[in-house]
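Residue-level structure breakdown
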2 protein chains.
Amino acid sequence: MIETHEIISYVAATCTTASFLPQAILTIKTKDTDGLSLGMYSLFSIGVLCWLIYGILIEDEAIYIANAITLVLAGIILSYKIYNTLFRK
Amino acid sequence: MIETHEIISYVAATCTTASFLPQAILTIKTKDTDGLSLGMYSLFSIGVLCWLIYGILIEDEAIYIANAITLVLAGIILSYKIYNTLFRK
């Protein structure tokens, strides 16, 4: 039988992974990255990449799939931020 | 002996937790939340709260401490976003 803490971990993983979707959509639509921290998205992307590698190493499909999705979304946001930082005032 | 995947998980947790610090500092300083997604910070805070509960349930100190810190930082950013959405154009 599935235990309470397992259900909570699935809800948690779904929320934290899915949360970057509305942010990526907003950033793609508005291209407004003034309020976004370059430090945050740089550190966060490195962290998620490490979680992805960790998931692959321990062969945990849920961990590496969730982090692969998050890495793509955070990577899109980071790319917009870097582009705006370099090429726009 | 500490294994490679454990070291990677510590680096990952440190990066993803610490990443919200520069974002919280930027948001407190500039109060600019136009580029921040309300959906993201709402979903993300719920997710981190679930990870915190999960850490407490399985009695994993590293998980609940990391997520408690992230929850405080994400909560600060979310509060600014809600305030600006409700009381400012």
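Residues numbered from 1 in each chain as written. Chains lettered and ligands numbered in written order. Predicted model: local features only at pLDDT ≥ 70, side-chain atom pairs only at ≥ 80, totals over all residues. Heavy atoms only, no water.

1. Some words on a nonpolar patch on the surface
Residues and elements named next belong to chain A. On the surface, Leu38, Ile82, Tyr83, Leu86 and Phe87 cluster together into a nonpolar patch covering about 530 Å² of accessible area. Broken down by element, the residue count for the nonpolar patch peaks at 4 residues, all from helix H4 (residues 61-87). By the secondary structure assignment, Ile82 is in helix H4. (Patch = residues over 30% accessible without salt bridge, like charges linked within 9 Å, V, L, I, M, F, W, Y side chains within 5 Å. Areas by Shrake-Rupley, 256 points an atom, 1.4 Å probe, with all protein chains shown as cover. Salt bridge = Lys/Arg side-chain N within 4 Å of Asp/Glu carboxyl O. Helix = DSSP H or I, 4+ residues; strand = E, 2+ residues; numbered from the N terminus.)

2. Quick notes on the nonpolar core
Most often, soluble globular proteins have nonpolar side chains that are buried together. By size, the foremost hydrophobic cluster in this structure holds 22 residues, and its most contacted members are Phe20(A), Met40(A), Tyr41(A), Phe20(B), Met40(B) and Tyr41(B). Secondary-structure elements contributing two or more residues to this core are helix H2 (20-30), helix H3 (38-57) and H4 of chain A together with helix H2 (20-30), helix H3 (38-57) and helix H4 (61-87) of chain B. If we ignore the near neighbours within four places in the chain, the residues touching Phe20(B) are Met40(A), Phe44(A), Met40(B), Tyr41(B), Phe44(B), Thr70(B), Leu73(B) and Ile77(B). (Core = buried A, V, L, I, M, F, W, Y, C linked by side-chain atoms within 4.5 Å. Buried < 20%, exposed > 50% of the residue type's maximum accessible area, 1.4 Å probe, protein only. Contact = heavy atoms within 4.5 Å.)

3. Observations concerning the confidence of the model for chain A
For chain A, the average pLDDT comes to 94, and 99% of its residues sit at 70 or higher. Quick note on the complex model: pTM equals 0.91, ipTM equals 0.89. (pLDDT = per-residue confidence, 0-100.)

4. What to know about the environment of Leu57(A)
Among the structural elements, Leu57(A) can be located in helix H3. Given a relative accessible area of 45%, Leu57(A) falls into the partly exposed group. What Leu57(A) contacts, discounting residues up to four positions off in sequence, is His5(B) and Ile8(B).

5. What to know about helix H1 (residues 4-18) of chain A
Within an α-helix, residues lying three or four positions from one another point in the same direction, as the helix has 3.6 residues per turn. Counted at 1.5 Å a residue, the expected span for H1(A) with its 15 residues is 21 Å, and the 21 Å between its end C-alpha atoms agrees. Along H1(A), the residues that are buried comprise Ile8(A), Ser9(A), Ala12(A), Cys15(A), Thr16(A) and Thr17(A). (Expected span 1.5 Å × (residues − 1).)

6. Structural notes on the packing of aromatic side chains
The full count for this structure, using the stated rule, is 10 aromatic pairs over all chains. With a centroid separation of 5.9 Å and 85° between ring planes, the pair formed by Phe20(A) and Phe44(B) is classed as edge-to-face. In this pair, Phe20(A) is assigned in helix H2 and Phe44(B) in helix H3, connecting two distinct chains. There is no split in this pair, since Phe20(A) and Phe44(B) are both buried. A centroid spacing of 5.4 Å and a plane angle of 75° characterise the contact between Trp51(A) and Tyr54(A), whose relative ring orientation is edge-to-face. Of this pair, Trp51(A) and Tyr54(A) both sit in helix H3, 3 residues apart, roughly one helical turn. In this structure Trp51(A) comes out as partly exposed when scored by relative accessible area, which is 23%. An aromatic cluster of three or more residues is present, and its members are Phe20(A), Tyr41(A), Phe44(A), Phe20(B), Tyr41(B) and Phe44(B). (Phe/Tyr/Trp six-rings, centres within 6.5 Å; stacked < 30°, edge-to-face > 60°.)

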